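# Structural description and commentary
Listed below are the residues making up each chain.
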Amino acid sequence: MLQIVGVHGIRQGASATEESLSCSWQESVDGALTAAGRAGGAGSVRITVPSYQGVYPKTATRYMRLGPEAGSAADDAPVDEDEEDFILRALAAYAPSAVGEEDSSPTAGQTLGKGRLTPRILKRAHAVDRVAGKGITDRLLWLVREAHGYLRHEETGAAVRAAVRATLVATGARMVIAHSLGSVVFYDMVSRGEVPAATGGEPGVTSLITCGSPLSWLAVRKGVHTAEGPLSVPAGTEWTNLYAPNDPVSRGGGLSHLAVGVTDVKVNNGRLNAHDVRRYLDKSAVAERITKFGGL
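We now turn to the structure provided with this report. Each chain carries its own residue numbering, running from 1 in the written order of its sequence. Reporting of local features is limited, given that this is a predicted model, to residues whose pLDDT is at least 70; pairs of side-chain atoms are given and counted only at 80 or more, and all residues count toward the totals for whole chains, interfaces and linings. In computing side-chain values, all of the structure's heavy atoms are included and hydrogens and water are not.

## Notes on the packing of helix 5 (residues 136-152) against helix 7 (residues 181-192)
Where helix 5 meets helix 7, the closest approach of the two axes is 10 Å, and the angle between their N-to-C directions is 20°. Between helix 5 and helix 7, the interaxial angle falls into the category roughly parallel. Seen along the crossing, helix 5 lies across helix 7 with a hand that is right-handed. Contacts between helix 5 and helix 7 involve Leu143, Glu146, Ala147, Tyr150 and Leu151 from the first element and Leu181, Val184, Val185 and Asp188 from the second. Note on residue categories: nonpolar means Ala, Val, Leu, Ile, Met, Phe, Trp, Tyr, Cys or Pro, charged means Asp, Glu, Lys or Arg, and polar means any other residue, Gly included. Broken down by class, the residue content of the contact of helix 5 with helix 7 amounts to seven nonpolar, no polar and two charged. Note on definitions: angles span 0 to 180 degrees between N-to-C directions of axes, and those axes are lines fitted to C-alpha atoms, for helices only across the stretch in contact. Put simply, DSSP marks the helices as runs of H or I at least four residues long and the strands as runs of E at least two long, and each gets a number from the N terminus on. Roughly parallel means an angle under 35 degrees; roughly antiparallel means over 145; roughly perpendicular covers 65 to 115; every other angle is labelled oblique. It is the rotation of the near helix from the far one that decides the hand of a crossing: anticlockwise by less than a right angle makes it left-handed, clockwise makes it right-handed. Every residue pair with non-hydrogen atoms within 4.5 Å of one another is taken to be in contact.

## Some points on the environment of Ala235
Structurally, Ala235 is set in the loop between helix 8 (218-224) and strand 5 (238-243). Accessibility here uses a 1.4 Å probe with only protein chains present; expressed as a share of the type maximum, an area under 20% marks a residue as buried, one over 50% as exposed, and anything in between as partly exposed. Note on Ala235: relative accessible area 71%, which makes it exposed. Linking Ala235 and Gly261, residues 26 residues apart in sequence, is a C-alpha distance of 8.9 Å.

## Side note on the packing of aromatic side chains
Centre distance within 6.5 Å is the pairing criterion for rings of Phe, Tyr and Trp, where only the six-membered ring of Trp is used; planes under 30 degrees apart are then read as stacked, over 60 as edge-to-face, and the remainder as tilted. Under the counting rule described, the total for this entry stands at one aromatic pair. Arranged with centres 6.2 Å apart and planes meeting at 35°, the rings of Tyr187 and Trp239 form a pair that is tilted. In this pair, Tyr187 is assigned in helix 7 and Trp239 in strand 5, connecting sequence segments 52 residues apart. Each member of the pair Tyr187 and Trp239 is classed as buried.

## Let's talk about the sheet that holds strand 1 (residues 2-7)
For two strands to be treated as a pair, DSSP must find at least two bridges joining them. The strand order across the open sheet built from six strands is 2-1-3-4-5-6, with neighbouring strands paired in parallel fashion. Each end of this open sheet is capped by a strand with a single partner; those strands are strand 2 (45-48) and strand 6 (262-266). In this sheet, neighbouring strand axes are inclined to one another by 20° on average, regardless of whether the strands run parallel or antiparallel. Pairing of strand 5 with strand 6, which is carried by five bridges, proceeds in the parallel orientation.

## Considering the environment of Ile290
Among the secondary structure elements, Ile290 is positioned in helix 10 (residues 284-294). Distance from Ile290 to Ser207, taken between C-alpha atoms, is 8.9 Å for residues 83 residues apart in sequence. With near-sequence residues (within four places) excluded, Ile290 lies in contact with Leu2, Ile4, Val29, Leu33, Val45, Met175, Ile177, Gly295 and Leu296.

## Describing the side chain of Lys283
Mapping Lys283 onto the fold places it in the loop between helix 9 (277-281) and helix 10. With residues up to four places along the chain from it excluded, the contact list for Lys283 reads Ala32, Leu242, Val267, Asn268 and Asn269.

Purely geometric stuff here, so don't read any function into it on its own.
Right under this line is the structure:
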């Protein structure tokens, strides 16, 4: 039985158990294997996806919309100076030409409740939307805030990494599939030397698939990578990165220009919900790499 550990995006785990996450990912991968003519291989693969629910505060996993119709006082999470700076830098990466345009007034009706987002963030959001497309920041703010929660709160990050490490040890998996912020979590583990090694001391994980990764964000890279050089994984680890043109998180681009040894694979996830993990997992590229690694 080929054991695979999945590392999900934080928001996905906010209301899901390990059982439900694992089942959902398993169905998508099994479907990809069957579609690729590896129906027998589907029954030889087991995916375990640890859930991080309970690790993040409730307010850190809310979908932060710009309009007045979403959220209530109970959902408000004050933004401090450090988080404001993180959000501003993350949003600026989507439309550098919009930086400095924040003096324009917000659109009528798009005001914020007390303690949600600062005026500077709201103005940057509208400026980015004018350049990158209407609603882009609306879809990104939840992930930007969760990325900050993981990178800047050590206790939270340590708890998330411990859950992944425990699952790697328990399953003995040497293949990891990481989606969205999960790719940041696993890369952080690699950088910290927290991925359990194999018996002989070689890398414990020798096949990594990342999907819809925000590792291209400068604010994120600075949080998990201190060296001046490119991103990298240990020698002997095969790294494949899937990206979709309409995925707002990866900005429709790969990681090969920022990382050594990564193979970018462009996939078509459609226009709606292009960041959805299931739209990545059901791709032939995933089936091909699982088949190759597991000898199915």
